[in-house]
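Fold and geometry: a report
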Amino acid sequence: MSISFIDIIDYIGTFAFAISGLRMAAIKHFDWFGAFVVGLVTAVGGGTMRDVCLGRTPFWMEDGTYLVWTGTAFLFAVLFRKHLFRFNNTFFIFDTIGLGLFVVVGFQKAIDAGCTQWVAIIMGTMTGAAGGVFRDILLAQVPLIFRKEIYAMACVIGGLVYMGCNFLGLGLTTTQLAAAGSVILTRLLAMRFDIGLPLLTEYRDGDRSEEEE
Amino acid sequence: MSISFIDIIDYIGTFAFAISGLRMAAIKHFDWFGAFVVGLVTAVGGGTMRDVCLGRTPFWMEDGTYLVWTGTAFLFAVLFRKHLFRFNNTFFIFDTIGLGLFVVVGFQKAIDAGCTQWVAIIMGTMTGAAGGVFRDILLAQVPLIFRKEIYAMACVIGGLVYMGCNFLGLGLTTTQLAAAGSVILTRLLAMRFDIGLPLLTEYRDGDRSEEEE
Amino acid sequence: MSISFIDIIDYIGTFAFAISGLRMAAIKHFDWFGAFVVGLVTAVGGGTMRDVCLGRTPFWMEDGTYLVWTGTAFLFAVLFRKHLFRFNNTFFIFDTIGLGLFVVVGFQKAIDAGCTQWVAIIMGTMTGAAGGVFRDILLAQVPLIFRKEIYAMACVIGGLVYMGCNFLGLGLTTTQLAAAGSVILTRLLAMRFDIGLPLLTEYRDGDRSEEEE
């Protein structure tokens, strides 16, 4: 079994996604088991939902590597928990690179399963973004990606680029690089210039109390 | 491809369910992406869970119309967001008609998949009511249908009527009209006369604070 | 159809898990329908998630007995709701015995489906513990098992014992008794001596307010 460049990015993404879950679990004072589950769900939840929709066996059941990387992230979080909230920029970069790859993998798996390109965009976005939604559900809070940051939207853009490259008849490698690159670029630019999507309704005076329920 | 009367009701129901999700997302100040996801999950979440339980491909992956109607509801919500909280009665009627149809579709798909009638009642109720539960989970709040309104119970009654008609050997059209009609009638009557299910435990003085956690 | 000893334990576990959901629903003042759903999800949610991951039809769709026992638990909760919060120790024992069996059933079904033993440990833990997580999601609260009690960890230990017995080549009955016994023993000892897992981060002064969000 040889390990390709894609695999390495995949593992880095899994590690970074798991760390993102573990940090939130640490803030909420979860115990070790709870923290591990939140890390695991963040890392593999999106791909699992995609595989269930496609009628496939969840990918981590057929390849134990993802559990190993989540376990490594857990050990890292336990050993270096005092430093867990440093290195924000490093984690952000890894997380973003992983996001780009997850979107490409999700899109391609949907196409391989015979889905239309529109469904593939949804599957790519699900692969990249649903894990974070499940993480927030386990934390009993409104999903972060629904209220701030261009995160899921970067996944959609990556899927649209993938579809556009397919339409133009570009090769697979070019297509996947362009799609992953557009996800990463979108997120980096949105973060750098603090760009967000409009809200459906603006905040008004006195709304805070209503919203905090 | 011809569009039948059933299709039209199905699309109206999808639109009305999506609007119900979009309104809640607007109250919580979700961004456009978050609002769209909440609308989509409200509209197709119940049917998706049913299809996963039945081992089928989720219906919206095989027919893009449902995404189009959710997108239409989203555009409507963005364009007319100042009026999103008017027309309560109109939305309520559409929502209720859609509910009746969703229950019938869910029941029939379960029977087609070889389930018993008891399981079909659950599948019909799931189709009608689970989307709203997922919506409330994404909003990080206790599902509304667990605390007020005869909503899910109307789905169960519709399923029981369906089963009763099958038992009596009535034709398919009669059966489906009776089942959908009983869902609609139950909900309209419950709303009109403010009928609700009993609570498992009554409120007592001082309970509020405990319950609000 | 004869009923085996295993079946009886299975039904007791289903009843006890459903009661656990119904009690929490009662505290939150759910209506009858909501309470029934929470009881049902607590009882069959873990096994349903396992079956979906394994690509099987959820077990309760093929055997109505589980719905009957959940219904019985519901009737019990309605009739004896004033006593629902007594008999804590009795429910705890039933719940723990059920947990041991659920873990063994989940592990064995995963092996039967061709999974590796590591995946089987996850499936056993999922069968035992995921229902309680879904219950807490429906109650819009952080899953209890992520913050207190050796509960899910007992499932993992049971899975490890199962794997160890397989490694030693012990017979099926011995293996299953040892695995279920280790789940039960772990939980009883943890409860008796108030043992919990470490938290990923300790509480510090002033953390309470942050955590209560």
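See above for the structure.
First, a word on what this report is: a plain description of the structure on this page. (Residues numbered from 1 in each chain as written. Chains lettered and ligands numbered in written order. Predicted model: local features only at pLDDT ≥ 70, side-chain atom pairs only at ≥ 80, totals over all residues. Heavy atoms only, no water.)

1. A short note on the interface of chain A and chain B
By a frequent convention, interface size equals the accessible area lost on bringing the separate parts together. Listed by partner, the interface residues are 34 residues for chain A and 27 residues for chain B. It is Phe146(A), Leu200(A) and Thr201(A) that lose the most area in chain A upon contact with chain B, and together they represent 30% of the buried surface on that side. Inspection of the region where chain A meets chain B yields zero salt bridges. Elements with a contribution of two residues or more to the side of chain A that touches chain B: α2 (32–53), α6 (117–138), α7 (152–168) and α9 (207–211) of chain A. (Contact = heavy atoms within 4.5 Å. Buried area = accessible area lost by both parts, 1.4 Å probe. Salt bridge = Lys/Arg side-chain N within 4 Å of Asp/Glu carboxyl O. Helix = DSSP H or I, 4+ residues; strand = E, 2+ residues; numbered from the N terminus.)

2. Observations concerning the relation of the copies chain C and chain B
Placing chain C over chain B gives an RMSD of 0.0 Å and needs a rotation angle of 120°, together with 0.0 Å of translation along the axis. The operation mapping one copy onto its partner corresponds to a three-fold rotation axis. For chain C, the residue whose C-alpha comes nearest the rotation axis is Ala140(C), separated from it by 3.4 Å. (Least-squares fit on C-alpha atoms with pLDDT ≥ 70 in both.)

3. Re α7(A)
Along an α-helix, a turn takes 3.6 residues, which lines up residues three or four apart on a common side. The terminal C-alpha atoms of α7(A), which comprises 17 residues, lie 25 Å apart, in line with the 24 Å expected from a rise of 1.5 Å per residue. Among the residues of α7(A), Ala152(A), Ala154(A), Cys155(A), Val156(A), Gly158(A), Gly159(A), Tyr162(A), Met163(A) and Cys165(A) are the ones counted as buried. Among the structural elements, α5 (88–112), α6 and α8 (172–192) of chain A together with α2 (32–53) of chain B are those in contact with the buried residues of α7(A). Downstream of α7(A) by a residue or two, Gly169(A) has a phi angle that is positive, lying close to 75°. (Expected span 1.5 Å × (residues − 1). Buried < 20%, exposed > 50% of the residue type's maximum accessible area, 1.4 Å probe, protein only.)

4. A few points about the nonpolar core
In terms of nonpolar packing, the biggest core is built from 191 residues, with Met123(A), Phe146(A), Met123(B), Phe146(B), Met123(C) and Phe146(C) touching the most fellow members. Each residue touching Met123(C), except ones within four places of it in the same chain, is listed here: Trp60(A), Met61(A), Arg50(C), Cys53(C), Leu54(C), Gly106(C) and Ala110(C). (Core = buried A, V, L, I, M, F, W, Y, C linked by side-chain atoms within 4.5 Å.)

5. As for the interface of chain C and chain B
Across the boundary between the two partners, chain C contributes 27 residues, which contact 34 residues of chain B. The contact between chain C and chain B buries some 2,500 Å² in all, and 72% of this surface belongs to carbon and sulfur atoms. When the buried surface of chain C facing chain B is broken down by residue, His29(C), Phe33(C) and Met61(C) rank first, second and third, together holding 29% of it. In this structure, the connection of chain C to chain B is made through zero salt bridges.

6. Considerations on the environment of Ala178(C)
Along the polypeptide, Ala178(C) turns up in helix α8 (residues 172–192). Expressed as a C-alpha distance, the spacing of Ala178(C) and Asp112(C), which sit 66 residues apart in the sequence, is 19 Å.

Limitation: the analysis is restricted to geometry and does not speak to function.
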